[in-house]
Amino acid sequence: MPSNVSAGLRTRPLISVIVPALNEERYIGAVIGDMLAQESVDADVEVLVVDGGSTDATRAIVEAYAARGNVRLIDNPKRYQVHGFNLGIKAARGSIVCIIHAHARYSKNYLAACMDARARTGAANVGGVINHRGEGPMGEAIALAMSSPLGVGDSKYRHTKSERWCNNVMGTFIDRALFDEVGYYN
């Protein structure tokens, strides 16, 4: 029986981290590792990788993690990310849903910071700021453009340097029940 369950009752919240993926063998292991190694978060974590039909080693990597527990592989036959979001949300066991990107890295306190921000602000949805990094000269140029209001307009989560209210966040961190109230992604 998991340590967070006593007589059938959960004593800590469960965060369901949803990771839509397609051919992410270079990155998926690191992302799963980042989520399973979260520090200072007063919650348990499950990782749901929603795969859109990868033809590389993505599925094998996820299955290796799943064999150790707290990770599940879910098929997304419609392939598109939005369908992956919805499949993951519907399969989530947690009271909190966190949707992240497979092609990214996350700090060891990402989930704890999200929990803290949500508690302090009362925001329905919180997330992090993207720190773009590119590979090679072209990738570095694109990363620079994606980190500037000149490149992305008013997408504050892509270039802000401080906590603030905005109309969109990276890494959705939201109560699972809210999707039952307002519906799923379309």
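Structure: above.
Just so we're clear, the structure is a prediction, and the values are computed from it rather than from any experiment. (Residues numbered from 1 in each chain as written. Predicted model: local features only at pLDDT ≥ 70, side-chain atom pairs only at ≥ 80, totals over all residues. Heavy atoms only, no water.)

Engineer: I'd like to hear about helix α3 (residues 81-91), residue by residue, with values.
Structural biologist: Restricting attention to buried positions, one finds in α3 the residues G84, F85, N86, G88 and I89. Among the structural elements, β3 (14-21), β4 (44-51), β6 (96-99) and α7 (177-182) are those in contact with the buried residues of α3. (Buried < 20%, exposed > 50% of the residue type's maximum accessible area, 1.4 Å probe, protein only. Helix = DSSP H or I, 4+ residues; strand = E, 2+ residues; numbered from the N terminus. Contact = heavy atoms within 4.5 Å.)

Engineer: Summarise the packing of aromatic side chains; cite the residues concerned and give the values.
Structural biologist: On inspection of all chains with the given rule, the structure shows four aromatic pairs. The structure contains a cluster of three or more aromatic residues connected by ring pairs, namely F85, F179, Y184 and Y185. Between the NZ or CZ atom of R68 and the centre of the ring of Y65, over which it lies, the distance is 4.5 Å. The side chain of K90 reaches across the aromatic face of Y184, ending 4.9 Å from its centre. (Phe/Tyr/Trp six-rings, centres within 6.5 Å; stacked < 30°, edge-to-face > 60°. Lys NZ or Arg CZ within 6 Å of the ring centre and 35° of its normal.)

Engineer: Tell me about the pattern of salt bridges, and name the residues and values.
Structural biologist: Throughout the structure, instances matching the rule amount to 10 salt bridges. Salt-bridge contacts for R12 lead to D44; the nearest nitrogen and oxygen are separated by 3.1 Å. With R12 in the loop between β2 (9-10) and β3 and D44 in strand β4, this pair connects stretches of sequence that are 32 residues apart. The residue D180 makes a salt bridge to R176 at a minimum N-O spacing of 3.2 Å. (Salt bridge = Lys/Arg side-chain N within 4 Å of Asp/Glu carboxyl O.)

Engineer: Which residues make up the nonpolar core, and what are the values?
Structural biologist: Ranked by internal contacts, the top residues of the largest apolar core, which has 30 residues, are I15, V17, V19, V47, I100, L111 and F173. Counting residues per element, this core draws most heavily on helix α4 (residues 110-121), which supplies six residues. The residues touching F173, leaving out its near neighbours within four places in the chain, are I15, I96, V97, C98, L111, C114, M115, R118, A124, N125 and V126. Counting residues in each nonpolar core, the second largest holds 11 residues, with V50, I74, A92 and F179 among its members. (Core = buried A, V, L, I, M, F, W, Y, C linked by side-chain atoms within 4.5 Å.)

Engineer: Outline the side chain of S16, supporting the account with residue identities and numerical values.
Structural biologist: With respect to the helices and strands, the residue S16 is situated in strand β3. Setting aside anything within four residues of it in sequence, one finds S16 in contact with E46, L48, A92, R93, G94, I96, V97 and C98.

Everything listed is a geometric property; what it means functionally is a separate question.
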